[in-house]
Amino acid sequence: MKSRGSIELGDVTVHNIKQLKRINEVVFPVVYNDKFYKDILEVGELAKLAYFNDIVVGAVCCREDRGDGKRRLYIMTLGCLAPYRRLGIGTVMLEHILNICQRDGNYDNVFLHVQINNEGAIKFYEKFGFEIVEQKENYYKKIEPADAFVLQLDLKTPRSAETNSNSP
């Protein structure tokens, strides 16, 4: 979708971390603790503020997750202020993250949790090939509904299928 303005991503730094905190407070029903923000300052390209015509209107924050012999990317938050939704800002943020995964080439998948009643978010991620792989009961502590879907985009499977189809 074409927007009527410029969308840019910027680094999260000690100088603008309060803007990230404010975006998260407005966009998400979950409160993130100080450790979350301290850790975000260490993830580099995996955390970005989204600017629409030079105004901070959204943010994405991810971290690497290693376990079960897999290397996964976890999207902790990806959100945009309500008046700026459907302008392509979320797409720019998600594509930034997926490009990092593609350039790296060693992530098995990308995953995130979405509240089960958040149909807009679920549809958004499904457009990019994410699938619901699990439902976690009582994932959220202080919000209703407390259940979350785990959405996941497998990165390894399609790539190996592609290489096989190119062989003689």
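Being a predicted model, the structure only gives us computed values, none of them experimental.

Caption draft 1: Representation of the nonpolar core. Of all hydrophobic cores here, the largest spans 51 residues; its most connected members are L20, I40, I75, Y125 and F130. A total of seven residues in this core trace back to one element, the largest contributor, which is helix α3 (residues 89-104). Not counting the four nearest positions on each side in its chain, I40 is found in contact with V12, I17, L20, A47, C61 and M76.

Caption draft 2: Summary view of the confidence of the model for the chain. The predicted model of the chain averages 91 in pLDDT, with 91% of residues at 70 or higher. The secondary structure element of the chain with the lowest average pLDDT is helix α5 (residues 156-166), at 49, and the one with the highest is strand β2 (residues 47-52), at 98. The low-confidence segment residues 158-168 (pLDDT under 50) makes two contacts with residues lying over four places distant or belonging to another chain.

Caption draft 3: Fine view of unusual backbone geometry. In the segment running from E144 into P145, the intervening peptide bond is cis, with an omega of -10°. The backbone of D54 sits at a positive phi, close to 70°, despite the residue not being glycine. Secondary-structure assignment places D54 in the loop between β2 and β3 (55-67). Despite not being glycine, R86 has its phi angle at roughly 70°, a positive value. With respect to the helices, strands and loops of the structure, R86 is situated in the loop between β4 (70-80) and α3.

Caption draft 4: Structural detail: the sheet that holds strand β1 (residues 7-11). Taken in spatial order, the seven strands of this open sheet run β1-β2-β3-β4-β5-β7-β6, and their pairing is mixed. The two strands at the open ends of the sheet, each matched to only one other strand, are β1 and β6 (131-136). Pairwise comparison of adjacent strand axes, ignoring direction, gives a mean angle of 30° for this sheet. With six bridges joining them, β2 and β3 adopt antiparallel strand pairing. Looking at β3, one finds that K48 is bridged to V60. Those strands touched by helix α4 (residues 119-127) are β4, β5 (109-115), β6 and β7 (148-154), and its axis lies near 165° from that of β5.

Definitions and limits used
- Chains are numbered independently. Their residues run from 1 in the order of the written sequence.
- In keeping with the predicted nature of the model, local features appear solely for residues at pLDDT of at least 70, side-chain atom pairs appear and are counted solely at 80 or more, and the whole-chain, interface and lining totals rest on all residues.
- Remark: hydrogens and water are excluded; side-chain values derive from all non-hydrogen atoms of the structure.
- Here the nonpolar core consists of buried residues drawn from Ala, Val, Leu, Ile, Met, Phe, Trp, Tyr and Cys, with membership extended through side-chain atoms lying within 4.5 Å.
- For each residue, the accessible area found with a 1.4 Å probe, counting protein chains only, is set against the maximum for its type, and the residue is called buried under 20%, exposed over 50%, and partly exposed in between.
- The way it works is that DSSP assigns letters per residue, a run of H or I at least four long becomes a helix, a run of E at least two long becomes a strand, and they are numbered from the N terminus.
- Contacts were defined at the residue level, with two residues in contact if any of their heavy atoms lie within 4.5 Å.
- Scored from 0 to 100, pLDDT reflects the predictor's confidence in each residue.
- One requirement defines pairing of two strands: DSSP has to find at least two bridges between them.
- Axes here refer to lines fitted to C-alpha atoms; in helices the fit is confined to the stretch in contact. Angles between the N-to-C directions go from 0 to 180 degrees.

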